[in-house]
Amino acid sequence: MTLVRISRRDALLGGFTALATASGIAPPALAAAPTLTFDELYGSVGVLGLTFSDKVKQLAGQTVTMRGFMAPPLKAEAAFFVLTEIPMALCPFCSSDADWPDNILVVYLGEKQTFVQPNAVIEVRGVLEYGSWTDPETGFVSLLRLRDASFGEV
């Protein structure tokens, strides 16, 4: 059985849509969140490091979706996890943004969720942020993040 998570925003939109449909008012079409792939995160990798893609720069601050794998979390009650392109047995921690792999991003959850096995494909939805940032609680350094995120198994 797969648990489906619905955000408050989606529940409210669904309620308004149902109300509008019942009253005969056609609801406006809802645009799907843009999708990003790991191949679209960076424009280039050179001697000076990673360069963010134009798509990442354009979508910054917007809700996007991505598919990948959940790396094992730092601790069971962590409010974030690392989304990876391929399944990993260990969390790919980075000591600095210079060591940042080009196939991961950090996902900060909007609400607590139960973590899944690292070999399960998940789809994550959250607000995209880019640029070097250090988490004040953990010291974890990231170049890419999804904030106020949720996920579900695919």
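Numbers given for residues are sequential positions, taken from 1 along each chain in its written order. Two thresholds apply to this predicted model, a pLDDT of at least 70 for residue-level local features and 80 or more for giving and counting side-chain atom pairs, whereas whole-chain, interface and lining totals are computed over all residues. Only hydrogens and water are set aside; all other atoms, that is, all heavy atoms of the structure, feed into the side-chain values.

1. Some remarks on the packing of aromatic side chains
Each pair of aromatic rings taken from Phe, Tyr and Trp, with Trp reduced to its six-membered ring, is defined by centres within 6.5 Å and is described as stacked if the planes are under 30 degrees apart, edge-to-face if over 60, and tilted in the remaining cases. Under the definition given, this model contains 7 aromatic pairs. Between tyrosine 108 and tryptophan 133, the aromatic rings sit 5.8 Å apart at their centres with planes inclined by 85°, giving edge-to-face as the arrangement. With a gap of 25 residues between them, tyrosine 108 in strand β5 (residues 104-109) and tryptophan 133 in strand β6 (residues 121-134) connect regions that are remote in the sequence. Within the aromatic cluster, the residues linked to one another by ring pairs are Phe80, Tyr108, Trp133 and Phe140. The ring of tryptophan 133 is capped by arginine 147, whose NZ or CZ atom sits 4.3 Å from the centre of that ring. Per the convention used, a helix needs a DSSP run of H or I reaching at least four residues, while a strand needs a run of E reaching at least two, with both numbered from the N terminus. Geometrically, a charge over a ring is one whose NZ (Lys) or CZ (Arg) sits within 6 Å of the ring centre while staying within 35 degrees of the ring normal.

2. Observations concerning the side chain of threonine 84
Along the chain, the position of threonine 84 falls in strand β4 (residues 80-84). The rule is simple: take the accessible area with a 1.4 Å probe, protein chains only, and divide by the maximum for that residue type; under 20% is buried, over 50% is exposed, in between is partly exposed. Overall, the relative accessible area of 0% leaves threonine 84 in the buried class. In protein, a polar contact means a hydrogen-donor-capable atom and an acceptor-capable atom, both N or O and within 3.5 Å, with residues adjacent in sequence counting only if both atoms are side-chain atoms; elsewhere, any N or O pair within 3.5 Å suffices. One polar contact links the side chain of threonine 84 to the main-chain carbonyl oxygen of isoleucine 86, over a distance of 2.6 Å.

3. Digging into the pattern of salt bridges
Salt bridges are defined by distance alone: a side-chain nitrogen of Lys or Arg within 4 Å of a carboxyl oxygen of Asp or Glu. Under the definition given, this model contains 4 salt bridges. Note that arginine 145 and glutamate 129 form a salt bridge whose closest N and O atoms lie 3.0 Å from each other. Here glutamate 129 lies in strand β6 and arginine 145 lies in strand β7 (residues 141-153), a separation of 16 residues in the sequence. Glutamate 129 is the salt-bridge partner of arginine 147, the closest N and O atoms lying 3.0 Å from each other. With arginine 147 in strand β7 and glutamate 129 in strand β6, the pair connects residues that are 18 residues apart, well separated along the chain. With relative accessibility at 27%, the residue glutamate 129 sits in the partly exposed group. Connected through shared salt-bridge partners, Glu129, Arg145 and Arg147 make up one network.

4. What to know about the confidence of the model for the protein
One confidence number per residue, pLDDT, is output by the predictor and ranges from 0 to 100. Mean pLDDT over the protein stands at 79; residues scoring 70 or higher make up 70%. Taken element by element, the protein is modelled with least confidence in helix α1 (residues 8-22), mean pLDDT 45, and with most confidence in helix α2 (residues 54-59), mean pLDDT 97. Predicted confidence for residues 1-9 stays below pLDDT 50, and this span has 8 contacts to residues more than four positions away or in other chains. Here residues 11-21 scores under 50 on pLDDT; set against residues more than four positions off or in separate chains, the count is 5 contacts. Contacts are residue-level and defined by heavy atoms, with any inter-residue pair within 4.5 Å sufficient.

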